[in-house]
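Structural overview
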Amino acid sequence: MLYYAFKYIVLVPLLRWPMRPKVEGLRHVPRGGAAIIAGNHLSFCDSFLVPVSIRRRITYLCKMEYFTGRGVKGRLTAGFFRGVGQIPVDRSGKDAAQAAVDTGLRVLAAGGLLGIYPEGTRSHDGRLYKGKAGVAAMALRSGAPVIPCAMIGTFEAQARGQRLPRRVPITIRFGAPLDFSRYANMPDRREVLRAVTDEIMYAIRALSEQEYVDTYAAEAKARAEARLQTRPARPGLVSSPGPEPS
């Protein structure tokens, strides 16, 4: 009840009406039963635009930090994420990936609609990166279909570090469900998990038409940040230290 009240009282006026996303392929989202929506991740607003664009409740797995902030801002942030149906997941430590899979499986076991970003983090440059195998593990163990989803235009609307979104054309495109029942007896085989994940990423790429990079997003982002830190300063751009104090 809280989810739908928050959705129609807060999110729809705040996001759907001003940003007016165009939704394509909505017929592919099942009206009931367990299913996984696997999408690209370009912007902070992705997890809010999808819920306001479909009728069903969708649950996203969300990093724990959004729920543990202090003070008024921290409580408001936590309340906001709970209001849109997100579940906190601790992403630190060696057991973090399994904890995320277990949490997702509980949502699916209850017949819910689970939203997940196989890249694991937002793209820092608008390209599509290699998917992590957690989405495949959830699909094979639950038997739930995977609906590929492409967010188009949200990177331009609100790239990483941008506080408020700009009004640009946005499209949310859903593809036909992917059925992986042929692998039902092989949920723990590494090569199968990789093949299923790659098939999901290929479907997302076909919908989004993004450039694909066969590297994990977090690794690519770390390398990009390292290059910026080691890049020598251009002549004339370094400020003078000023006179020595007497």
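First, a word on scope: everything that follows refers to the structure included in this document. Because the structure is a prediction, the values reported are computed rather than measured.

This paragraph deals with helix 7 (residues 190-208). In an α-helix, one full turn covers 3.6 residues, which means residues spaced three or four apart are oriented alike. Between its first and last C-alpha, helix 7 extends 27 Å over 19 residues, near the 27 Å set by a 1.5 Å rise per residue. Those residues of helix 7 that fall on the buried side of the exposure criterion are Val-192, Leu-193, Val-196, Thr-197, Ile-200, Met-201, Ala-203, Ile-204, Leu-207 and Ser-208. Taken down its axis, helix 7 places every buried residue within 170 degrees of arc, on the same side. Counted as exposed and oriented over 90 degrees from the buried face of helix 7: Tyr-202 and Ala-206. Looking one or two residues past helix 7, Glu-209 carries a phi angle of roughly 60 degrees, positive in sign.

Next up on the list: the environment of Gly-153. Residue position: Gly-153 is located in the loop between strand 7 (146-152) and helix 6 (154-157). Residue class for Gly-153 comes out buried when judged on its relative accessible area of 11%. Taking the C-alpha atoms as reference, Gly-153 lies 6.9 Å from Val-168; in sequence the two are 15 residues apart. Contact partners of Gly-153, with chain neighbours within four places excluded, come to Val-168, Pro-169 and Ile-170.

Tallying each qualifying case throughout the model produces two aromatic pairs. With centroids separated by 5.3 Å and ring planes inclined at 70 degrees, the aromatic side chains of Phe-44 and Phe-48 adopt a geometry described as edge-to-face. On the basis of relative accessibility, which here comes to 31%, the residue Phe-44 falls in the partly exposed class. Looking at Phe-48, the relative accessible area reads 3%, which means it is buried.

Now for the nonpolar core. With 31 residues, the main nonpolar core has Ile-37, Leu-49, Val-50, Ile-58 and Phe-174 as its most contacted residues. Among the secondary structure elements, those contributing two or more residues to this core are helix 1 (2-19), strand 2 (35-39), helix 2 (46-53), strand 3 (58-63), strand 7 and strand 8 (171-174). Here this core takes six residues from helix 1, the largest share from any one element. When sequence neighbours within four positions are dropped, the list of residues in contact with Val-50 reads Ile-58, Tyr-60, Met-151, Ile-172 and Phe-174.

Here is what the cut-offs are and how they apply
Per chain, the residues get numbers from 1 upward, laid out in the order the sequence is written. Local features in a predicted model are, by the rule used here, given only for residues with pLDDT of at least 70; side-chain atom pairs are given and counted only at 80 or more, and totals for whole chains, interfaces and linings are based on all residues. Excluded from the side-chain calculation are hydrogens and water; included are all heavy atoms of the structure. In DSSP terms, a helix is any run of H or I states spanning at least four residues, a strand is any run of E spanning at least two, and both are numbered starting from the N terminus. Expected span, for any helix, means 1.5 Å times one less than how many residues it has. Any residue under 20% of the maximum accessible area for its type is buried, any over 50% is exposed, and the rest in between are partly exposed; the area is computed with a 1.4 Å probe on protein chains only. Note that the arc is computed from the directions linking the helix axis to the C-beta atoms. Residues are treated as being in contact if the distance between any of their heavy atoms lies within 4.5 Å. Side-chain rings of Phe, Tyr and Trp, where Trp is taken by its six-membered ring, are said to pair if the distance between their centres is within 6.5 Å; with planes under 30 degrees apart they count as stacked, over 60 as edge-to-face, and otherwise as tilted. To form a nonpolar core, buried Ala, Val, Leu, Ile, Met, Phe, Trp, Tyr and Cys residues must be joined to one another through side-chain atoms within 4.5 Å.

Fair warning: the whole summary comes from geometry, so function is off the table for now.
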